[in-house]
Amino acid sequence: MGLLIQGSVDETMEKLTELIERERPTKIILVGDVVSGNVVKHGISPQVFIVDNKVMRQPIAPISQTAERILYVKNPPGTLSNEAWSVLRDAIKEERQTKVVVDGEEDLLALVAVECAPESSFVVYGQPREGIVVVRVTKRKKTMVRRIVEAMERLSKA
């Protein structure tokens, strides 16, 4: 959905830092425990980070990053719950750093983040065994996400 940055953690974080400095995104929204932990360890401060305290569906210790606000949401695996849409919309509107802790699975919430984020924001998520993906939010990306979500809704009703 966005730019795949491949390489080691240090390489991907260096490239992400350069991209942030060059493009000055409106907001930085992170989706996933590993990417959130790595970004924070490398001194990048996101406005929103979305975690489920799992990696590859296996429980892990929560990342140590504290936030000014912590929100909790239920989002079963393979879904985009109405509650997730509402909570993420609120989290992204916040002016203070917000951590969203998901009971269930956060993977698909990158779609919600793109839809809810202001244009020129970055939504960053991990691509297992590859690196990270950086989505620069644009009208076109929002339209693409809407189409994906609509297709998911149609399939779930079939």
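Preceding this section is the structure that the text describes.
K.L.:
Quick question: what am I supposed to make of the packing of helix 3 (residues 82–93) against helix 4 (residues 109–116) here?
P.N.:
Geometrically, a packed helix pair is captured by the angle between its two axes and the distance between the axes. With their axes 10 Å apart at the nearest point, helix 3 and helix 4 run at an angle of 50° to one another. Taken together, the axes of helix 3 and helix 4 are oblique relative to one another. Of the two possible hands of crossing, helix 3 and helix 4 adopt the one that is right-handed. Facing Ala 84, Trp 85, Leu 88, Arg 89 and Ile 92 of helix 3, the residues of helix 4 in contact are Leu 109, Val 112, Ala 113, Glu 115 and Cys 116. Classifying every residue of the contact of helix 3 with helix 4 by side-chain character gives eight nonpolar, no polar and two charged.

K.L.:
Which parts of the structure should I look at to understand the sheet that holds strand 1 (residues 3–6)?
P.N.:
Adjacent strands of a sheet pair through backbone hydrogen bonds, lying either parallel or antiparallel. The strand order across the open sheet formed by seven strands is 1-9-8-2-3-7-6, and the pairing between neighbours is mixed. Among the strands making up the open sheet, the edge pair consists of strand 1 and strand 6 (69–75). Strand-to-strand twist in this sheet, taken as the mean axis angle between neighbours without regard to direction, amounts to 20°. Two strands pair when backbone bridges link them, and strand 3 (residues 48–51) and strand 7 (residues 98–104) are joined in this way by four bridges, in the parallel orientation.

K.L.:
Explain a negative patch on the surface to me, please; I cannot follow it from the model alone.
P.N.:
A cluster of like negative charges, contributed by Asp 10, Glu 11, Glu 14, Glu 18 and Glu 21, occupies part of the molecular surface. Within the secondary structure, Glu 14 sits in helix 1 (residues 9–23).

K.L.:
Where do I start with helix 5 (residues 139–157) in this structure?
P.N.:
Taking 1.5 Å per residue as the helical rise, helix 5 with its 19 residues ought to reach 27 Å, and the 27 Å between its terminal C-alpha atoms agrees with that figure. Of the residues making up helix 5, those classed as buried are Lys 142, Val 145 and Val 149. Summarising the axial view, the buried residues of helix 5 lie within an arc of 60°, below the 170-degree limit, and thus occupy one face. Every exposed residue of helix 5 that faces more than 90 degrees away from the buried side is listed here: Arg 140, Arg 147, Arg 154 and Leu 155. Lining the buried residues of helix 5 we find helix 3 and helix 4.

K.L.:
Please explain the pairing of strand 3 as it appears in this structure.
P.N.:
As a general feature of sheets, a regular strand has side chains that alternate between the two faces. Every second residue of strand 3 is oriented toward a common face, with Val 48 and Ile 50 on one face and Phe 49 and Val 51 on the other, all of them buried. Bridging between strand 2 (residues 28–31) and strand 3 involves three bridges; their strand directions are parallel. Within strand 3, the residue paired with Ile 29 across the bridge is Val 48.

K.L.:
Would you explain the nonpolar core in this entry?
P.N.:
Here is a general trend for soluble globular proteins: nonpolar side chains tend to be buried in one another's company. One finds Ile 29, Ile 50, Val 100, Leu 109 and Val 123 to be the most contacted residues of the largest nonpolar core, which totals 30 residues. Sort the elements by how many residues they give to this core and helix 4 lands first, with seven residues. By size, the runner-up hydrophobic cluster in this structure holds 18 residues, among which are Ile 20, Phe 122, Ile 132 and Val 134.

K.L.:
Help me out: how do you make sense of the side chain of Ser 36 in this one?
P.N.:
Positionally, Ser 36 belongs in helix 2 (residues 33–41). Apart from the residues lying within four places of it in its own chain, the contact partners of Ser 36 are Leu 30, Phe 49, Ile 50, Val 51 and Ile 63.

K.L.:
Whenever I open this one, the pattern of salt bridges confuses me. Can you help?
P.N.:
Side chains that carry opposite charge are capable of pairing whenever their charged atoms lie near each other. Enumeration over the complete set of coordinates arrives at four salt bridges. Between Arg 69 and Glu 94 there is a salt bridge whose closest N-O contact spans 2.4 Å. In this pair, Arg 69 is assigned in strand 6 and Glu 94 in the loop between helix 3 and strand 7, connecting sequence segments 25 residues apart. Among the residues examined, Arg 69 registers a relative accessible area of 25% and is labelled partly exposed. Overall, the relative accessible area of 16% leaves Glu 94 in the buried class. Between Glu 115 and Arg 146 there is a salt bridge, with its nearest N and O atoms 3.3 Å apart. With Glu 115 in helix 4 and Arg 146 in helix 5, the pair connects residues that are 31 residues apart, well separated along the chain. Residue classification places Arg 146 among the partly exposed residues on the basis of a relative accessible area of 38%. Taken together, the salt bridges that share partners define one network made up of Arg 69, Glu 94 and Arg 96.

Reading the values: rules and limits
Residues numbered from 1 in each chain as written. Predicted model: local features only at pLDDT ≥ 70, side-chain atom pairs only at ≥ 80, totals over all residues. Heavy atoms only, no water. Axes fitted to C-alpha atoms, helices over the stretch in contact; angles between N-to-C directions. Helix = DSSP H or I, 4+ residues; strand = E, 2+ residues; numbered from the N terminus. Parallel < 35°, antiparallel > 145°, perpendicular 65-115°, else oblique. Left-handed = near helix turned anticlockwise from the far one by under 90°. Contact = heavy atoms within 4.5 Å. Nonpolar A, V, L, I, M, F, W, Y, C, P; charged D, E, K, R; others polar. Pairing = 2+ DSSP bridges. Patch = residues over 30% accessible without salt bridge, like charges linked within 9 Å, V, L, I, M, F, W, Y side chains within 5 Å. Areas by Shrake-Rupley, 256 points an atom, 1.4 Å probe, with all protein chains shown as cover. Salt bridge = Lys/Arg side-chain N within 4 Å of Asp/Glu carboxyl O. Lys, Arg positive; Asp, Glu negative; His and termini not counted. Charge placed at Lys NZ, Arg CZ, Asp CG, Glu CD. Expected span 1.5 Å × (residues − 1). Buried < 20%, exposed > 50% of the residue type's maximum accessible area, 1.4 Å probe, protein only. Arc of directions from axis to C-beta. Core = buried A, V, L, I, M, F, W, Y, C linked by side-chain atoms within 4.5 Å.

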